[in-house]
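Remarks on the overall topology
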Amino acid sequence: MISVLHRRLARLEAALKPAPEQGFTVLLEPDLEAPGAEWQAHRQAIKAAWLRGDRVGVVRSPDCVDQDQPEAGVEYFETEFHAWLAVLAGQRSKHGKANRLADVLASLRGNVLGVVAVPFDSEDAP
């Protein structure tokens, strides 16, 4: 009887245990004119992050922004600020909100508005 209760309790604990948080690795892209060894190290860092199961974010170097050769499974950002916003948005909240970014916004003084998607009209596009 006790062993049945222990098994059921173990199942309940496993079901209620929160899933582990996925890591997020932010890397800085080497300059376009960087030596091949730097680019090789950058690619190895991306592969190492994938093997750990992390999401991978790459901050593009200013001279590589126009280069359009994205790697599959990599999120590209224009600045480190944007990358860290994505990191916070992907982390679990400590105060019961949607995510850590919502925690930070809620902790700011004054009125804080949530993030709202702006409708995009393709006819008005340049």
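Here, residues in each chain are numbered from 1, in the same order as that chain's written sequence. For a predicted model such as this one, the threshold for reporting local features is a pLDDT of at least 70, and the threshold for listing and counting side-chain atom pairs is 80 or more; totals across whole chains, interfaces and linings nevertheless cover every residue. The basis for every side-chain value is the complete set of non-hydrogen atoms in the structure, without hydrogens or water.

**Brief notes about the pairing of strand 2 (residues 55-59)**
Which entries qualify depends on this criterion: Each residue's exposure class comes from its accessible area (1.4 Å probe, protein chains only) as a fraction of the maximum for that residue type: buried when under 20%, exposed when over 50%, partly exposed otherwise. Runs of H or I in DSSP of at least four residues are treated as helices and runs of E of at least two as strands, each being numbered from the N terminus. Being paired, for any two strands, means DSSP has found at least two bridges between them.
Counting buried residues along strand 2, four of its five residues qualify, which places the element largely inside the surrounding structure. The sheet contact formed by strand 1 (residues 24-28) and strand 2 spans five bridges and is parallel. Its bridge partner lying in strand 2, F24 is registered against R55.

**Let's talk about the packing of helix 3 (residues 80-89) against helix 4 (residues 100-107)**
Working note: a packed helix pair is described by the angle between its axes plus the distance between those axes. Applicable threshold: Fitted lines through C-alpha atoms serve as axes, helices being fitted only where they are in contact, and the angles separating the N-to-C directions of these axes extend from 0 to 180 degrees. What sets the label is the angle itself: under 35 degrees gives roughly parallel, over 145 gives roughly antiparallel, 65 to 115 gives roughly perpendicular, and the rest give oblique. Any two residues whose heavy atoms approach within 4.5 Å at even a single point are treated as in contact. Polarity classes work like this: nonpolar for Ala, Val, Leu, Ile, Met, Phe, Trp, Tyr, Cys and Pro, charged for Asp, Glu, Lys and Arg, and polar for all others, with Gly in that last group.
At a closest axis distance of 6 Å, the pairing of helix 3 and helix 4 adopts a crossing angle of 105°. As summarised for this structure, helix 3 and helix 4 are arranged roughly perpendicular, according to the angle between their axes. Contacts from L85, L88 and A89 of helix 3 reach helix 4 at R100, L101 and V104. Grouping the amino acids of the contact of helix 3 with helix 4 by side-chain chemistry returns five nonpolar, no polar and one charged.

**Regarding the packing of aromatic side chains**
Cut-off, in case you're wondering: Aromatic contacts are taken between Phe, Tyr and Trp rings whose centres are within 6.5 Å, Trp giving its six-membered ring; a plane angle under 30 degrees counts as stacked, one over 60 as edge-to-face, and the others as tilted. Remark: a charge is flagged as sitting over a ring if the NZ atom of Lys or the CZ atom of Arg is within 6 Å of the ring centre and within 35 degrees of the ring normal.
Per the stated rule, a full pass over the model turns up one aromatic pair. If you follow R60 out to its NZ or CZ, it ends over the ring of Y76, 4.1 Å from the centre.

**Topic: the pattern of salt bridges**
One side chain can pair with another of opposite charge once the charged atoms of both are near each other. To keep things clear, this is the line we draw: One speaks of a salt bridge when a side-chain nitrogen belonging to Lys or Arg is within 4 Å of a carboxyl oxygen belonging to Asp or Glu.
Counting across every chain of the model gives three salt bridges. Put simply, R52 and D54 hold a salt bridge, and the shortest N to O gap is 3.2 Å. Taking the relative accessible area as the measure of exposure, R52 reaches 53% and is therefore exposed.

**Regarding helix 2 (residues 36-52)**
Note the cut-off: Expected span, for any helix, means 1.5 Å times one less than how many residues it has. Note: the arc covers the axis-to-C-beta directions of the helix.
Along its 17 residues, helix 2 runs 24 Å from first to last C-alpha, staying within 8% of the 24 Å computed at 1.5 Å per residue. Those residues of helix 2 lying buried are W39, H42, I46 and A49. Projection of helix 2 onto a plane perpendicular to its axis shows the buried side chains occupying an angular sector of 80°, all on one side. Looking at helix 2, the residues exposed on the side facing more than 90 degrees away from the buried face are G36, A37, K47, L51 and R52. Buried positions along helix 2 lie against strand 1, strand 2 and strand 3 (74-77). Just downstream of helix 2, G53 is the residue with a positive phi angle, here 90°.

**Focus on the environment of Y76**
Along the chain, Y76 falls in strand 3. Using a relative accessible area of 24% as the deciding quantity, one classes Y76 as partly exposed. Between the C-alpha atom of Y76 and that of V58, which follows or precedes it by 18 residues, the distance is 4.9 Å.

**Points about a negative patch on the surface**
Stated formally: Grouping into patches uses exposed residues only, defined as over 30% relative accessible area, and leaves out salt-bridged ones; the cut-off is 9 Å for like charges and 5 Å for nonpolar side chains (Val, Leu, Ile, Met, Phe, Trp, Tyr). Throughout, the Shrake-Rupley method with a 1.4 Å probe supplies accessible areas, and for residues the shown protein chains are the sole cover considered. Charge assignment in this entry is limited to Lys and Arg as positive and Asp and Glu as negative, and neither His nor the chain termini are counted. We put the charge of a Lys on NZ, of an Arg on CZ, of an Asp on CG and of a Glu on CD.
On the surface, a cluster of negative charge is made up of D31, E33, E38 and D63. For D63, a relative accessible area of 37% puts it in the partly exposed group.

**Some thoughts on the side chain of S93**
Which entries qualify depends on this criterion: Two N or O atoms count as a polar contact when they lie within 3.5 Å, although within protein this holds only if one can serve as hydrogen donor and the other as acceptor, and sequence-adjacent residues are included solely when both atoms are side-chain atoms.
Mapped onto the secondary structure, S93 falls in the loop between helix 3 and helix 4. Among the polar contacts made by the side chain of S93, one reaches the main-chain amide nitrogen of H95 at a distance of 3.0 Å. A distance of 2.8 Å separates the side chain of S93 from the side chain of D103, its partner in a polar contact. In contact with S93, not counting residues within four places along its chain, are A98, N99, R100 and D103.

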